[in-house]
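Observations on the three-dimensional arrangement
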Amino acid sequence: MQLPRTFSFLLEIRNSGERPSNEEIIRFSKLFEDELTLDNLTRPQLVALCKLLELQSIGTNNFLRFQIIMKLRAIRADDKETKSLTMG
């Protein structure tokens, strides 16, 4: 079962204050994928995400989800472009 490993990983990160590697984040994030979808977020959570991403928080829940998805796609595209510029 993954729970003891996940718990010890989280304690280690919290106690050490070190940043986990991208590989560690990806490995453990897979355990939470089902819970961290926009479809499962409440309206207050959607509004908070909109504020965090500097988006308007007015509209239906579906509209907020759409805005968040579009913003995240733009961020990913920027990240890919930045990565290609620094790697190439």
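Since we're looking at a predicted model, the values are computed, not measured.

1. Points about the overall build of the protein
Counting secondary structure elements, the protein contains four helices and zero strands. For the protein, the α and β elements follow one another from N to C terminus as α-α-α-α. Classification of the 88 residues of the protein by burial places 17% in the buried group. Partitioning the contacts of the protein with sequence separation of at least 6, the portion at a separation of at least 24 is 16%. Counting only carbon and sulfur atoms, one obtains 57% of the accessible surface of the protein, whose full area is about 7500 Å².

2. Some details on the environment of glutamine 45
Note that glutamine 45 resides in helix α3 (residues 43–52). We classify glutamine 45 as partly exposed; its relative accessible area is 39%.

3. Regarding the confidence of the model for the protein
Here the protein averages 83 in pLDDT, and 88% of its residues register 70 or above. Highest mean pLDDT in the protein belongs to α3 (93); lowest belongs to helix α1 (residues 3–16) (76).

4. Details of the nonpolar core
Counting nine residues, the largest nonpolar core consists of Leu38, Leu41, Leu46, Val47, Cys50, Leu53, Leu55, Leu64 and Ile68. The set of elements that each furnish at least two residues to this core consists of α3 and α4 (61–87). Top contributing element to this core by residue count: α3, with three residues. Sequence-distant contacts of valine 47, that is, excluding residues within four places in its chain, are made with Ser57 and Leu64.

5. Description of the side chain of arginine 65
Residue placement: arginine 65 occurs in helix α4. What arginine 65 contacts, discounting residues up to four positions off in sequence, is Leu38, Asp39, Leu41 and Leu46.

6. Details of a nonpolar patch on the surface
Residues Phe63, Phe66, Ile69 and Met70 make up a contiguous nonpolar surface patch of about 350 Å² in total accessible area. Position of isoleucine 69 relative to the elements: it lies in helix α4.

7. Focus on α3
Taken as a whole, α3 has its buried residues at Leu46, Val47 and Cys50. With its buried residues spanning 100 degrees around the axis, α3 presents them on a single face. Exposed and facing more than 90 degrees away from the buried side of α3 are Pro44, Lys51 and Leu52. Buried residues belonging to α3 abut α4. Backbone geometry just downstream of α3 places glutamate 54 in the positive-phi region, at approximately 60 degrees.

Conventions we followed
Residues numbered from 1 in each chain as written. Predicted model: local features only at pLDDT ≥ 70, side-chain atom pairs only at ≥ 80, totals over all residues. Heavy atoms only, no water. Helix = DSSP H or I, 4+ residues; strand = E, 2+ residues; numbered from the N terminus. Buried < 20%, exposed > 50% of the residue type's maximum accessible area, 1.4 Å probe, protein only. Contact = heavy atoms within 4.5 Å. Areas by Shrake-Rupley, 256 points an atom, 1.4 Å probe, with all protein chains shown as cover. pLDDT = per-residue confidence, 0-100. Core = buried A, V, L, I, M, F, W, Y, C linked by side-chain atoms within 4.5 Å. Patch = residues over 30% accessible without salt bridge, like charges linked within 9 Å, V, L, I, M, F, W, Y side chains within 5 Å. Salt bridge = Lys/Arg side-chain N within 4 Å of Asp/Glu carboxyl O. Arc of directions from axis to C-beta.

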